[in-house]
Amino acid sequence: MNDNIDTTRRFGRPGPDTNLALLAGLVTALGLPPFPWTWPLVPLGLAILFGALARAPRPGRTAWLFALVHQAALLHWLFLLDPSKSIPTRALVPIQAIATVLYVSVFYLFVGWAFGRLRSRLGMGRALLLLPVLWVVMEAARGRGEMAFSWCLAGSAVVGTPLMFLARTAGELGVGAGFVFLAMAVAVWRLKSGGRGLLVTAFAGCSALWLFLVGGALLEPAVPGAEQAERVTPLKVAAVQADVALRDKWQKAKIDSTKVPYAELTKQAADEGADFVVWAETAVPSYLRLKPELMTWMREVVREAGVHVYAGFPDADRGPDGEVRTYNSSGLFDPRGVLRDTYAKYHLLPIGEAMPFTSVLPFLKDVDVGQAEWLPGAKPQAMAIHRPGGVFRFSGLICFESVFDWLARESVLAGSRCLVVITNDGWFGKSAGPRQHAALARLRAAECDVPVIRSANNGISFICDGRGRVIDRLGLGQRGIVSAEITPGTGRTLFVRFGHTLLYWLLLVWTLVVLVVPLRGENGATR
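Parameters at a glance
Residues numbered from 1 in each chain as written. Predicted model: local features only at pLDDT ≥ 70, side-chain atom pairs only at ≥ 80, totals over all residues. Heavy atoms only, no water. Pairing = 2+ DSSP bridges. Helix = DSSP H or I, 4+ residues; strand = E, 2+ residues; numbered from the N terminus. Axes fitted to C-alpha atoms, helices over the stretch in contact; angles between N-to-C directions. Contact = heavy atoms within 4.5 Å. Buried < 20%, exposed > 50% of the residue type's maximum accessible area, 1.4 Å probe, protein only. pLDDT = per-residue confidence, 0-100. Core = buried A, V, L, I, M, F, W, Y, C linked by side-chain atoms within 4.5 Å. 1 Å grid on protein atoms, 1.4 Å probe; cavity = no way out; pocket = protein on both sides within 12 Å on 5 of 7 lines; lining within 4 Å. Points joined across faces, edges and corners; volume = space filled by probe spheres on them. Phe/Tyr/Trp six-rings, centres within 6.5 Å; stacked < 30°, edge-to-face > 60°. Lys NZ or Arg CZ within 6 Å of the ring centre and 35° of its normal.

Chemist: Could you give an account of the sheet that holds strand β3 (residues 308-318), with specific residues and numbers?
Modeler: The strands that make up a sheet pair up through hydrogen bonds in the backbone, lying either parallel or antiparallel. Strand order in the open sheet made by the 6 strands is β5-β4-β3-β2-β1-β12, with mixed pairing throughout. The open sheet terminates on both sides in strands that have one partner only, identified here as β5 (339-344) and β12 (480-486). Put simply, the sheet's adjacent strands are angled 30 degrees from each other on average, direction ignored. One ladder, built from 7 bridges, connects strand β1 (residues 235-241) with β12; its direction is antiparallel. The residue bridging Gln241 from the neighbouring strand is Gly480, located in β12. In the packing of helix α10 (residues 256-271) onto the sheet, the strands contacted are β1, β2 (276-278), β3 and β12, and the crossing angle to β1 comes to about 160 degrees.

Quick look at the structure:
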């Protein structure tokens with residue numbers, strides 16, 4: 001196969017691969033949340049990128065340029081952060097936003113670099129066929145570690161469409177793999193230089209991946225505790241959206257701006273028949289268990305309403321060394337106002353809530369960019385609401401945690417049959433950020449076949465069923481409640497049962513096929 005790569009161009013005007021990469025970055029971003037029904041732009045944008053990588057003299061650079069445009073467009077709302085609400089100076093707003101874009105872009109640079117290495121060793125054809133494997137590995141890596149940031153991966157494009165059903169097979173990562181294989185097949189077809197054997201192999205791999213996604217989504221494998229959920233009767237639930245102004249929320253003198261709406265809306269939800277009411281992240285804007293007057297108020301509100309309440313609040317305790325440890329926490333109150341269970345956020349937002357890598361680089365503890373310096377809690381476990389119709393088990397996910405499909409899966413494996421997401425997205429106003437965040441919570445429902453209750457201080461709050469279909473919703477900047485009668489999910493999806501394992505095995509088999517099976521080029525030579 002003649003690769004036709006111009007390896008002499010280094011400087012001067014951007015080459016076609018550069019222009020195509022920049023175009024692909026924008027097109028792909030437009031296919032992701034918050035835009036509805038634009039998912040075809042994702043495989044289209046990726047096909048453009050893969051074509052550019054195939055001809056690029058420096059594919060690492062080309063992939064990096066794609067990522068800069070793609071992430072800047074996707075995360076543009078980071079530049080709109082109000083510094084008075086989270087970080088000390090206005091100058092740090094663009095600096096932190098740019099740092100985030102650059103950090104995420106490094107992952108894409110790795111894909112381009114690795115593709116270039118494969119192309120030089122295996123030839124263009126095999127390198128293109130292995131490009132989806134590199135991509136999926138990259139997206140999986142983005143979701144792990146202290147700096148995990150798997151915000152709106154390729155698979156998130158299906159939110160709000162019938163294709164969201166496919167997330168039952170291998171989660172957001174699996175749907176993204178389907179798009180990447182489709183893009184690879186289109187790129188091979190468009191290049192028209194690999195011969196019939198390469199084209200047949202590309203479309204065979206794409207077809208196999210999509211058959212896996214569709215077939216897997218139709219299965220309902222048994223998971224631990226699934227039979228228990230079937231005996232629980234429906235429950236009337238509500239989520240409070242108090243829409244407390246962030247400039248007032250943390251001021252002691254304006255505590256009534258929090259107390260009054262939460263008390264009134266909780267009573268309203270109870271009067272309308274709710275058995276379980278959810279408050280937002282840090283709905284109580286102080287260390288609740290260290291403030292007797294606030295705890296007394298909280299118990300009175302719950303007792304008057306006569307319902308179970310799950311609320312977010314800061315928490316603290318003392319470690320063995322006597323030092324105070326602080327948490328972004330939450331708790332379940334029974335109708336008598338007794339705090340029955342707590343959950344402290346397990347996966348903290350890097351830099352925003354805690355400085356990463358302080359365990360290996362202690363000097364980072366002294367770096368102050370306005371982070372909250374919370375400590376992580378234990379992994380989510382199922383909390384129980386005991387009622388005549390059975391035990392209703394749910395797990396809390398606090399804010400950023402709803403981005404991670406693996407964390408939702410582990411919650412369901414731990415016995416949860418409903419996910420409760422509490423968040424405060426008010427930092428980003430009415431930008432795309434809160435809309436993207438809300439979309440990802442719907443995807444968690446579809447992956448795990450459990451309903452999701454989402455309470456956001458300033459929006460978007462909603463309740464959706466186990467297919468991710470919204471039952472009730474309240475938009476940005478509104479005050480009120482959302483309510484619905486929900487049935488606990490079964491958690492019986494291939495994703496809950498096996499996670500990404502089956503997808504990884506499929507990619508491993510594909511890699512072996514590509515490396516072993518002869519591919520005939522247009523000139524009859526195998527590559």
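From this point, things continue past the structure.
Chemist: Which residues make up the environment of Val277, and what are the values?
Modeler: Mapped onto the elements, Val277 comes out in strand β2. Val277 gets classed as buried once you look at its relative accessible area, which sits at 0%. For the pair Val277 and Val302, spaced 25 residues apart in sequence, the C-alpha separation works out to 9.5 Å.

Chemist: Describe in detail the confidence of the model for the protein, supporting the description with residues and values.
Modeler: Looking at the protein as a whole, its pLDDT mean stands at 88, while 88% of the residues score no less than 70. Under a pLDDT of 50 for its full length, residues 522-527 has, in the predicted model, 16 contacts with residues more than four places off or in other chains.

Chemist: Break down the nonpolar core for me, with residues and values.
Modeler: Ranked by size, the top nonpolar core spans 105 residues in total, and within it Phe50, Phe66, Trp135, Trp151 and Leu503 carry the most contacts. Per-element accounting of this core gives the leading share, 14 residues, to helix α6 (residues 167-191). Discounting residues that sit within four places of it in the chain, Trp151 has contacts with Leu74, Leu75, Trp77, Arg142, Phe400, Val403, Gly433, Gln436, His437 and Leu440. Judged by nonpolar contacts, the second largest core, of 29 residues, contains Val284, Met295, Val309 and Phe333.

Chemist: Can you tell me about empty space enclosed by the protein, naming the residues and giving the values?
Modeler: Tallied over the full model, the rule gives 1 cavity of 30 Å³ or more. Its boundaries defined by the atoms lining it, the largest cavity holds a volume of some 60 Å³. Together, Thr28, Leu32, Leu46, Phe66, His70, Tyr108, Trp135, Glu139, Arg142, Cys152, Leu153 and Ala154 line the largest cavity. Among the elements of the structure, α3 (59-74) and α5 (124-142) are those that each provide at least two residues to the lining of the largest cavity. Here the lining of the largest cavity takes 3 residues from α5, the largest share from any one element.

Chemist: Go over the packing of aromatic side chains, please, and point to the residues and values.
Modeler: In this structure the tally under the stated criterion is 21 aromatic pairs. Note on Tyr103 and Phe107: the rings are 5.4 Å apart at their centroids and 90 degrees apart in plane angle, and the pair reads as edge-to-face. Of this pair, Tyr103 and Phe107 both sit in helix α4 (residues 92-122), separated by 4 residues, roughly a single helical turn. Sitting over the ring of Trp406, Arg144 keeps its end group 4.3 Å from the ring centre. For Arg497, the ring lying beneath its charged end belongs to Phe498, and the centroid distance is 4.9 Å.

Chemist: Break down the pairing of strand β4 (residues 324-333) for me, citing the residues and quoting the values.
Modeler: Most of β4 sits out of view: 8 of its 10 residues are buried. Pairing between β3 and β4: 10 bridges, direction antiparallel. If you follow Ala311 over to β4, its bridge partner there is Gly331. Hairpin connection from β3 to β4: 5 residues lie between these consecutive antiparallel strands, with Gly322 at a positive phi of about 90 degrees. Inspection of the sheet shows β4 paired to β5 by 5 bridges, in the antiparallel sense. Bridged to Ser330 within β5 is Tyr343. A loop of 5 residues connects β4 with β5, the two strands running antiparallel in sequence, and Gly337 in this loop sits at a positive phi of about 90 degrees.

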